[in-house]
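What the coordinates show
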Amino acid sequence: PHANHVLQKLIANVHQARVRFVAEEFRGRAAAAARHRVRGRVLERLLEHVSAEHVGGLVEELLDACPLLCHHAFGNFVLQRVLEHGTAK
């Protein structure tokens, strides 16, 4: 139950090239993960610490699900990170 804390620390403290695999695991599942209490936090760390070229696909998935996520208890926090750390595209 505590592996998410390890992933969050890994994402925050290790060079992004080494944690790119975490972002790749979320591909196709970002919106569902954003609605989960624990997975959403890992997504937030990815958005904060990994460059747009590695998480761009995830951001697109999240923006496509924006109407659902903006009213969700956990998804809204992930969307806030998109707004804070996303690019101007």
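Above this text is the structure in question.
Structural notes, computed from the coordinates. Because the structure is a prediction, the values reported are computed rather than measured.

As for its placement among the helices and strands, Arg37 is situated in helix α4 (residues 37–49). Judged by its relative accessible area of 48%, Arg37 falls in the partly exposed class. With 16 residues separating them along the chain, Arg37 and Glu53 place their C-alpha atoms 25 Å apart.

At a minimum axis separation of 11 Å, helix α5 (residues 52–64) and helix α7 (residues 75–85) run at an interaxial angle of 125 degrees. Looking at the two axes, α5 sits oblique to α7. At the point where α5 passes α7, the crossing takes the left-handed sense. Residues Val59, Leu62 and Leu63 of α5 lie in contact with α7, whose contacting residues are Val78, Leu79 and Val82. Taken together, the residues that form the contact of α5 with α7 break down as six nonpolar, no polar and no charged.

Glancing now at the packing of α4 against α5. Two elements in contact, α4 and α5, have axes whose closest approach is 10 Å; the angle formed by their N-to-C orientations is 125 degrees. Between α4 and α5, the interaxial angle falls into the category oblique. In terms of crossing hand, the pair formed by α4 and α5 is left-handed. Residue-level contacts link Leu43, Leu46 and Leu47 of α4 to Val55, Leu58, Val59 and Leu62 of α5.

Moving on: helix α2 (residues 16–26). Among all positions in α2, only Val19, Val22, Ala23 and Phe26 are buried. Each buried residue of α2 lies within a common arc of 100 degrees when the element is viewed along its axis, so the set occupies one face. The outward face of α2, more than 90 degrees from its buried face, is lined by the exposed residues Arg18 and Glu25. Summarising the contacts, the buried residues of α2 are in contact with α1 (3–13), α3 (30–34), α4 and α5. Gly28 occupies a position one or two residues after α2 and carries a positive phi of about 80 degrees.

The rules behind the values
Residues numbered from 1 in each chain as written. Predicted model: local features only at pLDDT ≥ 70, side-chain atom pairs only at ≥ 80, totals over all residues. Heavy atoms only, no water. Helix = DSSP H or I, 4+ residues; strand = E, 2+ residues; numbered from the N terminus. Buried < 20%, exposed > 50% of the residue type's maximum accessible area, 1.4 Å probe, protein only. Axes fitted to C-alpha atoms, helices over the stretch in contact; angles between N-to-C directions. Parallel < 35°, antiparallel > 145°, perpendicular 65-115°, else oblique. Left-handed = near helix turned anticlockwise from the far one by under 90°. Contact = heavy atoms within 4.5 Å. Nonpolar A, V, L, I, M, F, W, Y, C, P; charged D, E, K, R; others polar. Arc of directions from axis to C-beta.

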